[in-house]
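Observations on chain architecture
The chain contents come next:
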Amino acid sequence: MKLQTRLLLAIGVTLTLLTTANLWISYREFDGLVDAEMVKEARNIRAMLMATRRVYHQQFLDSGLPVNDKTVGFLPAHALARISREFPNWTISGMSFNNVSDRPRNPENRADTAEMEAMTWFRANPKAEEHIGEIMGADGKLYYHYTAPMWIEEYCLKCHGQREAAPASIQDKYAESYDYKLGDLRGVMSIKIPLTTMHDRVLTIWRVDAVTHLVGYLLLFLVLAGLLRRAVTLRLSGLETITQHLMAGDYRQRAEHSGSDEIAALGAAINQMADAVERREADLRRFSEIAAHHLQEPARRMASYAERLTQQLAGRIDDAEIQLSLDFIGQQARYQKNMLHDIERYLAADQPRGELALPDARQILAAILARAQDRISAVGAEIIIGELPSAWIDAPRLSDLFEVTLDNALQHGGAEKSTLGTRREAASAAAPLRIAIDGEQVGNLVRYRISDNGPGIEAQYREQVFQVFERLSSGRGGTGIGLAIVRRIAESCGGRAYIETAQGGGCCVVVELPAREIS
Amino acid sequence: MTTERHRFVILLAEDEPADAHLVQVALSENHILADLQHVADGRDALEYLRREGPRFADAPRPDLILLDLNMPRMDGRQFLAAIKLEQNFKDIPVVVLTTSEVERDIVSSYHLGAAGYITKPVDVVQFIAAIRDLGEYWFELVRLPDNQKARP
């Protein structure tokens, strides 16, 4: 996995976990806050209601007011129900409350299921001062249900004790709800607050909080990703490109390494390495070139003077051995010169020897054929020239390409030197050597084909012949560098060279070159 | 054009006696009656042209320079660059003797204004032929009329 992907994934996962945890915690906090708010509100209301009840009860008892149809409305048990009905006119909170009982004198104050359950719970938990739950209202909405127990106290019994002891008006008006016992639980203060409104409020606040966090973390992620890209990824891929250039032999490439961090240090180290490699490569190259070049000179002179000696001694040598020795000296000096010459060409093959352009391949080939006319005639070869599109290369090296491949075809496809047992003789002595040279443009490359009707090259040797000094037969005067030169030229231009079977089974050297300048 | 002929002067800059000898042989085999002046390197060649020092005080102006490339002190490429800067000598045709066509291409890519190249062949016969071709060409076409030669 790429470094950038890995780091971003790690950062992304961390931030996601962080965000989730954060939002969960904040949700819990808000939820708790709402609960606390609701409890506070319910308690306040309960306190207010209980205080009111207490005051009105006392007032009733103290005043000795008879309970009749006109005064019953002052009784807290009645008044609270009405206040509860009136309450929504003064607030939109949706809140409702009432004092309810399992044995009410006012039927409006009969406890509902939830309230009865709360009473059961308080009887089981007599020390509890409040009970909180969630209930489904008659309207199908959820409510926060706060209940507080109303235990029977001494003063309650004044009206709810024995019937005979109750005020006359009470005895007259109510037949039920007597014989309450001190410490009985006969009712609860019930307060219902709609949950949805509260929840909506919480959710709204939480959502704003969530969005703020998400946007914040997203921004943090983007900033980190951008930083990572700029400070690490892009610079590393830049260094990678440089090393690839160096690997491809372009030793002039250098990394940009401003700054003082580790990547800049790596860039500087790569540059130092490139300097060293370039220097060493240049030294080696220069030494090879000079050696190949300068060694040719004495070899050539030796060959020249051996020949001159032969001329000068013409008619004066009667010993065939002397003549043979002289011939060998000349021959070997020539061979040495040729080999060094090919080495020089091989070394120079990866550098343009003129301007890179689209030279006229036909014209270049014509010049080569003119020079090789004698040899072509000697072999009796037929040369067939087809289409020859231009490729992006310097003229001297294109000339080398044609020269070497033509030379190769003449040497190995034909029977130029009959004394040295050629492939051609073995294959077919009768058919004349035919060499076809043509080319085609395929997309962005030009493919030249130089094929002969000789016996061809076995598949297992087709790579070997591109190696320096690799020959498939001895003698013949070849140096074994020709096809290596061809491949080096092709590859340095961004192309390639290989051998395939020609139509009819001969050898076909294929050279692919770019059709236009490579940017 | 003048009909007056004078002996054709060739200045050969070549450090290797064996090669200088071959040029001499090639000229005589071709019956080219040229006055061959031989110097051993580019610096001597420049001093020759400038007639510097007692050695070259009376040196005849060459009609053609045969220039070897690899020479001590000042090589052929440096010599070519130097005489192209000298008004008096920049018109003298220079034929460069090279060891290989690789060398030839590289030198010509410097655009130093060589009038021609002879790649020194292994074969003496070929070399003689090359010098003959050269002689025919320059005798007939390039030998400058006296009035032009006198130009500063």
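Conventions adopted
In this convention, every chain numbers its residues from 1, walking through the sequence in written order. Chain labels run from A onward and ligand labels from 1 onward, assigned in the order the entries are written. Note on the predicted model: pLDDT of at least 70 is required for a residue's local features to be given, and 80 or more for side-chain atom pairs to be given and counted; whole-chain, interface and lining totals, by contrast, use all residues. Side-chain numbers come from the whole structure's heavy atoms, not from hydrogens or water. For two strands to be treated as a pair, DSSP must find no fewer than two bridges joining them. For helices the rule is a DSSP run of H or I covering at least 4 residues; for strands it is a run of E covering at least 2, with both sets numbered from the N terminus onward. Here, axes are lines fitted to C-alpha atoms. For helices the fit covers the stretch in contact, and angles between N-to-C directions go from 0 to 180 degrees. In this analysis, two residues are considered to be in contact whenever any of their non-hydrogen atoms come within 4.5 Å of each other. The quantity reported as buried area is the accessible area (1.4 Å probe) lost by two parts once they are put together, taken as the sum for both. The salt bridge criterion pairs a side-chain nitrogen of Lys or Arg with a carboxyl oxygen of Asp or Glu, the two atoms within 4 Å. Each domain's extent is set by a domain assignment, obtained either automatically or from a database.

Once that is clear, we can look at the sheet that holds strand E2 (residues 35-39) of chain B. Backbone hydrogen bonds hold the strands of a sheet together, and the pairing may be parallel or antiparallel. Residues and elements named next belong to chain B. With parallel pairing, 5 strands are arranged side by side in an open sheet as E2-E1-E3-E4-E5. Across the chains shown, the open sheet's two edge strands, defined by having one partner strand only, are E2 and strand E5 (116-119). Taken pair by pair, the neighbouring strands of this sheet meet at an average axis angle of 20°, ignoring direction. Summarising the sheet, strand E4 (residues 94-98) and E5 pair through 4 bridges and their orientation is parallel. By the bridge assignment for E5, Val95 is matched with Gly116. Sheet strands touched by helix H3 (residues 76-83): strand E3 (64-68) and E4. Its angle to E3, the strand with the most contacts, is close to 145°. Lying on the sheet, helix H4 (residues 101-108) is in contact with E4 and E5; it crosses E5 at an angle near 160°.

It is worth spelling out the interface of chain A and chain B at this point. Taken together, the contact pairs 20 residues of chain A with 22 residues of chain B. For the pairing of chain A and chain B, the buried interface totals around 2,000 Å² over both sides, and the portion due to carbon and sulfur atoms is 54%. There are 5 salt bridges connecting chain A and chain B. The salt bridge involving Lys120 of chain B is made with Glu297 of chain A; its shortest N-O contact spans 3.5 Å.

Okay, the domain arrangement of chain A next. Parsing chain A into structural domains produces domain 1 (3-202), domain 2 (248-348) and domain 3 (353-514). Relative to domain 3 of chain A, the C-alpha centre of domain 1 of chain A lies at a distance of 106 Å.

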